[in-house]
Amino acid sequence: MATSAYLKWSDALKIIDLLKRDKSLQSTQYLAFFSLGLFSGLRIGDILKLRYCDIKPTLKVQEEKTKKKRSITLSKEVIDLIAMCKEDLVKDDLDFVVN
């Protein structure tokens, strides 16, 4: 019988803290994408399709894999994390920058 290993909440918060302290562009991108994935439950493919203007208290997405439409409430903390990353993530107000 196979078992799965899961990320502990305390470990997830440690990763976020480490990424916040590292000011490199790549860490900023990881912080934004990791936070969105962790707190929204979205798959990476769905996160990569988001544009900066999509990040609102209620995020509306159509999942690529299941085609389900979802409405996800994002916490103020997640929105603040993404806003903190804006300068490194956005070419204009629409697109995330993915290197």
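Within each chain, residues carry numbers counting from 1 in the order of the written sequence. At least 70 in pLDDT is required for a residue's local features to be given in this predicted model, at least 80 for side-chain atom pairs to be given and counted, and no such filter applies to totals for whole chains, interfaces and linings, which use all residues. Derived side-chain values reflect all non-hydrogen atoms in the structure, with water molecules and hydrogen atoms excluded from consideration.

Caption draft 1: Examining the overall build of the protein more closely. A count of helical and extended segments in the protein gives four helices and two strands. Secondary structure elements are defined from DSSP: runs of H or I of at least 4 residues count as helices, runs of E of at least 2 residues count as strands, and each element is numbered from the N terminus. For the protein, the succession of helices and strands along the chain, N to C, is α-α-α-β-β-α. Burial status across the protein gives 32% buried among its 99 residues. Carbon together with sulfur atoms contributes 55% to the accessible area of the protein, which is approximately 6800 Å² in total. Only protein chains enter the calculation, and the probe is 1.4 Å; a residue is then buried if its accessible area is under 20% of its type maximum, exposed if over 50%, and partly exposed in between. Here the accessible surface of atoms and residues is derived via Shrake-Rupley with a 1.4 Å probe, and residues count as covered only by protein chains that are part of the display.

Caption draft 2: View of the environment of L25. When you line up the elements, L25 lands in helix α2 (residues 25-40). Residue class for L25 comes out partly exposed when judged on its relative accessible area of 35%. Separated by 60 residues in the primary sequence, L25 and C85 place their C-alpha atoms 9.0 Å from one another.

Caption draft 3: Expanded view of the packing of helix α1 (residues 9-21) against α2. Direction vectors running N to C along α1 and α2 enclose 155 degrees, while the axes themselves pass 9 Å from each other. Judged on the interaxial angle alone, α2 and α1 are roughly antiparallel. The hand of the α1/α2 crossing is left-handed. Of the residues in α2, those touching α1 at W9, A12, I15, I16, L19 and K20 are S27, Y30, L31, F34, S35, L38 and F39. Think of it as three bins: nonpolar holds Ala, Val, Leu, Ile, Met, Phe, Trp, Tyr, Cys and Pro, charged holds Asp, Glu, Lys and Arg, and polar takes everything else, Gly as well. Of the residues contributing to the contact of α1 with α2, the split by class is ten nonpolar, two polar and one charged. For every element, the axis is a line fit to its C-alpha atoms; helices are fit only across the contacting stretch, and the angle between N-to-C directions ranges from 0 to 180 degrees. Each angle is binned into one of four classes, with values under 35 degrees roughly parallel, values over 145 roughly antiparallel, values of 65 to 115 roughly perpendicular, and all other values oblique. The handedness criterion is simple: a crossing whose near helix is rotated anticlockwise from the far helix by less than a right angle is left-handed, and one whose near helix is rotated clockwise is right-handed. Whether two residues are in contact is decided by their heavy atoms: any pair within 4.5 Å suffices.

Caption draft 4: Expanded view of the pattern of salt bridges. Definition used for salt bridges: Asp or Glu carboxyl oxygen within 4 Å of a side-chain nitrogen of Lys or Arg. Following the criterion strictly, the structure yields five salt bridges and no others. In this structure, the salt-bridge partner of R70 is E63, at a minimum N-O distance of 2.7 Å. E63 gets classed as buried once you look at its relative accessible area, which sits at 7%. Residues joined by salt bridges that share partners form a network here, namely K49, E64 and K67.

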